[in-house]
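# Overview (structure and organization)
The chain contents come next:
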Amino acid sequence: MKRAYKYRFYPTPEQAELLTQTFGCVRFVYNSILRWRTDAYYERKEKIGYLQANARLTALKREPEHAWLNDVSCVPLQQSLRHQQTAFANFFAGRAAYPAFKSKRHKQAAEFTASAFKYRDGRLYMAKSKTALDVRWSRQLPLVPSTVTISKDTAGRYFVSCLCEFEPESMSISPKMVGIDVGLKDLFVTDTGFKTGNPRHTAKYAKRLALQQRRLSRKKKGSKNRAKARLKVARLHAKIADCRMDNLHKLSRKLINENQVVCVESLRVKNMIRNPKLSKAIADAGWSELIRQLQYKGEWAGRSVVAIDQYFPSSRRCSCCGFTMQKMPLDVRKWQCPECGTAHDRDINAARNIKAAGLAVLAHGEPVNPESHHAA
């Protein structure tokens, strides 16, 4: 399997200048080729592939007004075209929107293949630079990386991501199995009644963020003070994102370490986030990221992560007798089954149903029979 190891590093002034040039060239090549391909289709109904785009890049580098493209490594420029081709493939397959133009205000990244970097004796060198990157190696790399991606986020921090082959080690088999129901009051609730709570990182820093954003809005556009204020806002957003990611990694690791089977519910968060009253809280919870982490960590550890059908009425079905309520608004947190009289906590009952349905899927390999109504 392949795994990316991400580290923070601190470039020298010369390296920072070279990276700024590289990011700018990558952005220019991506945007100019994207514009060229788009115009070619709308004006002449001509479809451009990767080989034609690569030839266009060669022609651009030979033009005198674009000679500065030769000042940086050619590898990141070619890799940006490969990424663009992947973006078009995802668009035509219906998996993503039309490729968008890159902005210098957003995250910057450049990918280097084996011919554009060197990794020797625990030191990493990138093309066009004679000094090694000052990387804070929090863990050792298992092998020499096949590709290296250097990025700079909106908060001005530099990171290097090394893609390496590694052999995952399966964990010892655990007798425990769990079903989880994600939510907003608690990030998830297990079938045993364990509730994680919700840190609500965005709400925690809301007042501080609003203050910094107000100060940013008063600064004159294009001024250095506005750039400083924008950096403060970006750093606060980065802090919120880091806190959220750290919490999700701890929770997902705990679930994988303790359970052989984890049953979850398939969710379409993109559709749910359209709710204007709950969109900010749903985005802050990070449900999709939690399930993504469970899936790849489970694959590495030899655990099973089972996702049941999104239309399965986990909240409305009694986990004791199987009776299904017709309706159950979100404000109903506790209810009593009219068939068997069992009192239910909405979230715990849903987690029990998700576990039962997930184990059925695991045993028979068949999806749970979906109903016409969405799971409440």
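As recorded in an unreviewed UniProt entry, the protein chain goes by the name IS200/IS605 family element transposase accessory protein TnpB, listed as coming from Jejubacter calystegiae.

### Let's talk about the UniProt feature "domain: Transposase putative helix-turn-helix" (unreviewed entry) in the protein chain
UniProt records the feature "domain: Transposase putative helix-turn-helix" (unreviewed entry) at residues 1–45, using the numbering of this structure. Regarding residues 1–45, the helix share stands at 71% and the strand share at 18%, and the terminal C-alpha atoms are separated by 41 Å.

### Quick notes on the packing of aromatic side chains
For any two aromatic rings, the description comes down to two numbers: the centre-to-centre distance and the angle of the planes. Applying the stated criterion to the full structure yields eleven aromatic pairs. An angle of 80 degrees between the planes, with centres 5.5 Å apart, marks the rings of Tyr-41 and Tyr-42 as edge-to-face. Assessed through its relative accessible area of 37%, Tyr-41 is described here as partly exposed. By way of ring pairs, the aromatic residues Phe-88, Phe-91, Phe-92 and Tyr-98 are connected into one cluster. For the cation-ring pair, Arg-120 lies above Tyr-125, with the distance from its terminal atom to the ring centre recorded as 5.5 Å.

### Some points on the UniProt feature "domain: Probable transposase IS891/IS1136/IS1341" (unreviewed entry) in the protein chain
In this structure's numbering, the residues bearing the UniProt feature "domain: Probable transposase IS891/IS1136/IS1341" (unreviewed entry) are residues 171–274. Secondary structure across residues 171–274 comprises 54% helix and 13% strand; the distance between its end C-alpha atoms is 39 Å.

### Quick notes on the domain arrangement of the protein chain
Partitioning the protein chain into domains gives domain 1 (2–165) and domain 2 (177–199 + 235–364). With centres defined by C-alpha atoms, the gap from domain 1 to domain 2 works out at 37 Å.

### Points about the sheet that holds strand S5 (residues 147–152)
Here we have four strands laid out as an open sheet, ordered S1-S6-S5-S2, and antiparallel in their pairing. Strands at the two margins of the open sheet, each flanked by one partner only, are strand S1 (2–9) and strand S2 (108–113). Here the average twist between neighbouring strands, direction ignored, is 20 degrees. With six bridges joining them, S5 and strand S6 (residues 158–165) adopt antiparallel strand pairing. In the sheet register, Ile-150 faces S6, and the bridge partner there is Val-160.

### Brief notes about the nonpolar core
The biggest cluster of nonpolar side chains holds 38 residues, and the ones touching the most others in it are Phe-9, Ile-150 and Val-160. Here this core takes eight residues from helix H1 (residues 13–44), the largest share from any one element. When residues no more than four places from it in sequence are discounted, the contact partners of Phe-9 are Leu-19, Leu-133, Asp-134, Val-135, Ile-150, Tyr-158, Phe-159 and Val-160. Ile-180, Phe-188, Ala-285 and Trp-287 belong to the second largest nonpolar core, which has 20 residues in total.

### Section: the environment of Arg-208
Topologically, Arg-208 is positioned in helix H5 (residues 206–218). In this structure, the C-alpha to C-alpha distance between Arg-208 and Tyr-98, residues 110 residues apart in sequence, is 35 Å.

### Remarks on helix H3 (residues 74–92)
For H3, built from 19 residues, the straight-helix expectation of 27 Å at 1.5 Å per residue is met to within 8% by its first-to-last C-alpha distance of 28 Å. Every buried residue of H3 is accounted for by Val-75, Pro-76, Leu-77, Gln-79, Ser-80, Leu-81, Gln-84, Ala-87 and Phe-88. Elements that come into contact with the buried residues of H3 comprise H1, helix H2 (50–62) and S2. Where H3 begins, the capping side chain belongs to Ser-73, and its oxygen is found 3.3 Å from the backbone nitrogen of Val-75.

### What about the pairing of S5?
Consecutive residues of a regular strand have side chains that alternate between opposite faces of the sheet. Two strands pair when backbone bridges link them, and S2 and S5 are joined in this way by six bridges, in the antiparallel orientation. Looking at the pairing, Thr-113 lines up with Thr-147 of S5. The antiparallel pairing of S5 with S6 creates a hairpin that spans five residues between the two strands, and Gly-156 there sits at a positive phi of about 85 degrees.

Rules used in this analysis
Residues numbered from 1 in each chain as written. Predicted model: local features only at pLDDT ≥ 70, side-chain atom pairs only at ≥ 80, totals over all residues. Heavy atoms only, no water. UniProt positions renumbered as here; feature names shortened; annotations may be inferred. Helix = DSSP H or I, 4+ residues; strand = E, 2+ residues; numbered from the N terminus. Phe/Tyr/Trp six-rings, centres within 6.5 Å; stacked < 30°, edge-to-face > 60°. Buried < 20%, exposed > 50% of the residue type's maximum accessible area, 1.4 Å probe, protein only. Lys NZ or Arg CZ within 6 Å of the ring centre and 35° of its normal. Domains from an automatic or database assignment. Pairing = 2+ DSSP bridges. Axes fitted to C-alpha atoms, helices over the stretch in contact; angles between N-to-C directions. Core = buried A, V, L, I, M, F, W, Y, C linked by side-chain atoms within 4.5 Å. Contact = heavy atoms within 4.5 Å. Expected span 1.5 Å × (residues − 1). Polar contact = N/O pair within 3.5 Å; in protein donor to acceptor, adjacent residues only side chain to side chain.

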